[in-house]
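Topology and contacts: notes
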Amino acid sequence: MKSSVSCRHLVRRTVVSTAWLLPWLVLSSCTEAASTPKSAQSKTLSPKPERVRLQLNWVPEPEFGGIYAAQVDGFFAKEGLEVEILKGAAGVPSPQLTSEGQVEFGIVGGDQVVVLRSRGAPLTAVYACFQTFPRGFIVHDASPVRTLQDLWKEGVTVAVEPGLPFVKWMNRTFAPSKPTLVASQGSLTAFLQTPALAQAAFVFSEPAELALRKVPVRTLPVADSGYDPYSVVVATSDAFLRKRPDTVRRLIRALRAGWTAYLADPSKVNAVMAKLNPGMSREAMDRAASLADPFVRGQGGPLGAMTEARWKTLGEQLVAVGAIEHAPKATSLFRNFD
Amino acid sequence: MVGRARLGTLAAPGLTFVLVAAIAELGIRLAELPAYLAPPPSEVVRALWSERAQLLTATWSTATNTAAGFLLSACLGVGLGAAVGSSRWLRRGFYPLTNILQMVPLVAIAPLLTLWFGYGSSAVIASACIVSIFPVIANTVDGIQSVDLHLRELFQLYGASRWDTWRKLELPAALPQIFTGLRIAAGLAVIGAIVGEFVSGYVGDDAPIGIVILSSLREARMNLVFAAIGLSAMVGFALFGSVSWLGNRLLRHWHASVRTE
């Protein structure tokens, strides 16, 4: 019996690796090379210090400031953890890598936890870096667009990453009005060249970068529309959570300390991240970090903690926009640690 | 006899495809793989049907832009290849530069295409053209250079003009290699179009296949991802088939590569 289970497990792993190849190849043709997850398979967790991997879903920027602070300031080490932070890029399937145990922890969107869970993936959120949804739209200061309602109209062109649920939410909220939506991979080049273009952005990140380039912009947070999920969520697989709850607890403690330190003084960590991501200057990171505080803290309470009510609301919203058919039970989506 | 041979030609890949799909279905079901990781082929077929309206629109958009990009690369490629193949100066000065086209990392320049051509079809067509033009140029040049020297001398002996030599000797002699280049370009054009769509496609109800793939990946709808990938392959296959058919029609009466006794 046991051998048939392990045989099935072996077949499963082999077929998963093969099945992933095709879409991964398609995506890899349009994205920068991401960290190779395969090496994660060969990891060994030694008791002291315990090694774990954390897969980011984007390049190092202030949205991950507290995570890097936990490493730079030694909070991970203090908790007996050796955390390897894997840089992300557009298209890195961080949620799937995490749910399938290819990495121990991954940064995912709150919506991705709900969507994947609804499709049966064993993925659980354990820490929400951002209590208030930090996504929004930027428009040039000279633009007549002043509100989300102005934005979501015929005649306006908005660059968005394909598949974002908040875009579907905007379509639903302001229906039947709809702007022209075009693809974006997060670069600001097209936005800089096109005064009439609006673009989805992190409300503190891109505006900070643009301010340094003396490009005045107006920011329209999506949270104002009523769509306010947890964002930059640290997630892990159910199996890892079940087997090593203490490791998760220690990681969360370190993250909380990291974010507290980063919000107090982000300069040292920003210097490290600027070296890892030459695409964003240290000055822009400092400015972005100064704007991030209210989004990280939200309405107060312990950093990173989540509530059942907000996960329930997100599930209902994703059903409403047609991203999923049935919302999973809210309590299955997250777990808080002291 | 010929009809039976044709049936066999069609049946062999069809049966192989069905066999591979059946093995995949069985393997995925036996391994109890979740559909968000590896959907069984039956789920992909289900997505093809349930999302047919979106997929039809997407396929049409990608197919038209791919065809336009391919036609552009065919015209430019044959024209440039003919010019380069016929002129020693151009061959020395220009041909090495065309190799750059082959080495250009499309991923890196695709966002620039959006800046130069704007969002939508123009950038996608340009992307498809850039990726697919090199094999057309290279094969045209090689085809023209491979013309039998004795025939060239014969044309010179009879005082044929440069134009007549090109029209009656070089172009017909190069056609088999030109069509080889075009067949390679047909597959590449689809790749170029999809990459172009990733960065400059419209993200609405009329989104092309590239955008459907990105959206479905975000939503972990892997059956739709594979359905879209399958359809993009079909676009390439249709283009490849059309070029092969045209090549056969033009060459079948005189060239050994496609002659049937």
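Look up: the structure comes first, before these words.
Anyway, here's the lowdown on the structure attached to this text. Owing to the predicted nature of the structure, the values given are computational and were not obtained by experimental measurement. (Residues numbered from 1 in each chain as written. Chains lettered and ligands numbered in written order. Predicted model: local features only at pLDDT ≥ 70, side-chain atom pairs only at ≥ 80, totals over all residues. Heavy atoms only, no water.)

Here the focus is helix 3 (residues 65-72) of chain A. It helps to recall that an α-helix has 3.6 residues per turn; residues three or four apart then point in one direction. All names here are of chain A. The element helix 3 is extensively covered by neighbouring structure, given that six of its eight residues are classed as buried. Taken as a whole, helix 3 has its buried residues at Gly65, Gly66, Ile67, Tyr68, Ala69 and Ala70. Of the residues trailing helix 3, Gly74 is marked for its positive phi of about 80°. (Buried < 20%, exposed > 50% of the residue type's maximum accessible area, 1.4 Å probe, protein only. Helix = DSSP H or I, 4+ residues; strand = E, 2+ residues; numbered from the N terminus.)

A few words on empty space enclosed by the protein. The tally for this structure, following the rule as stated, stands at one cavity of 30 Å³ or more. Along its surface, the largest cavity is lined by Asp111, Gln112, Val115, Gly163, Leu164, Pro165, Lys168 and Ala323 of chain A together with Arg218 and Glu219 of chain B. Residue assignment for the lining of the largest cavity shows that the elements contributing at least two residues are helix 6 (110-118) and helix 8 (165-173) of chain A. When residues in the lining of the largest cavity are grouped by element, the largest group, three residues, is from helix 6 of chain A. In the lining of the largest cavity, the residues fall into four nonpolar, two polar and four charged. (1 Å grid on protein atoms, 1.4 Å probe; cavity = no way out; pocket = protein on both sides within 12 Å on 5 of 7 lines; lining within 4 Å. Points joined across faces, edges and corners; volume = space filled by probe spheres on them. Nonpolar A, V, L, I, M, F, W, Y, C, P; charged D, E, K, R; others polar.)

For the rest of this paragraph, the subject is the interface of chain A and chain B. Taken together, the 42 residues of chain A in the interface contact 35 residues of chain B. Regarding the contact of chain A and chain B, the summed buried area is about 3300 Å², with carbon and sulfur atoms giving 68% of it. Counting across the chain A and chain B interface gives two salt bridges. We note a salt bridge from Asp111 of chain A to Arg218 of chain B, for which the minimum N-O separation is 2.9 Å. (Contact = heavy atoms within 4.5 Å. Buried area = accessible area lost by both parts, 1.4 Å probe. Salt bridge = Lys/Arg side-chain N within 4 Å of Asp/Glu carboxyl O.)

A separate point is the environment of Asn270 of chain A. Residue and element names in this part refer to chain A. If you trace the backbone, Asn270 turns up in helix 13 (residues 267-276). Sequence separation between Asn270 and Arg310 is 40 residues, and the spatial gap between their C-alpha atoms is 31 Å. Not counting the four nearest positions on each side in its chain, Asn270 is found in contact with Tyr262, Arg282, Met285, Asp286 and Ala289. At a separation of 2.7 Å, a polar atom in the side chain of Asn270 contacts the side chain of Tyr262. (Polar contact = N/O pair within 3.5 Å; in protein donor to acceptor, adjacent residues only side chain to side chain.)

Okay, the sheet that holds strand 7 (residues 180-183) of chain A next. Residue and element names in this part refer to chain A. Spatially, five strands are ordered 7-6-8-5-9 in an open sheet, and the strand pairing comes out mixed. Taken across any chain shown, the strands that pair with only one partner, and hence form the sheet edges, are strand 7 and strand 9 (217-221). Each neighbouring strand pair of the sheet contributes to a mean axis angle of 30°, computed without reference to strand direction. Pairing analysis gives four bridges linking strand 6 (residues 157-160) to strand 7, with the strands arranged parallel. Its bridge partner lying in strand 7, Val158 is registered against Leu181. Of the strands in this sheet, strand 5 (135-140), strand 8 (197-202) and strand 9 are in contact with helix 10 (residues 205-212), which crosses strand 8 at around 120°. (Pairing = 2+ DSSP bridges. Axes fitted to C-alpha atoms, helices over the stretch in contact; angles between N-to-C directions.)

What follows is about the pattern of salt bridges. Residue and element names in this part refer to chain B. Within this structure, the stated rule accounts for 25 salt bridges over all chains. In this structure, Arg167 and Asp164 form a salt bridge, with 2.9 Å as the shortest nitrogen-oxygen distance. Placement of the pair is Arg167 and Asp164 together in helix 9 (residues 162-200), with a separation of three residues, close to one helical turn. Looking at Asp164, the relative accessible area reads 23%, which means it is partly exposed. In this structure, Arg221 engages Glu219 in a salt bridge whose closest nitrogen and oxygen atoms are separated by 3.5 Å. Taking relative accessible area as the criterion, Arg221 reaches 22% and is therefore assigned partly exposed.

Our focus in this paragraph is the nonpolar core. Within the largest apolar cluster, 52 residues are counted, with the highest numbers of intra-cluster contacts made by Phe137, Leu151, Trp152, Val158, Phe166 and Trp311 of chain A. Not counting the four nearest positions on each side in its chain, Val158 of chain A is found in contact with Phe137, Leu151, Trp152, Pro179, Thr180, Leu181, Val182, Leu197 and Ala198 of chain A. (Core = buried A, V, L, I, M, F, W, Y, C linked by side-chain atoms within 4.5 Å.)

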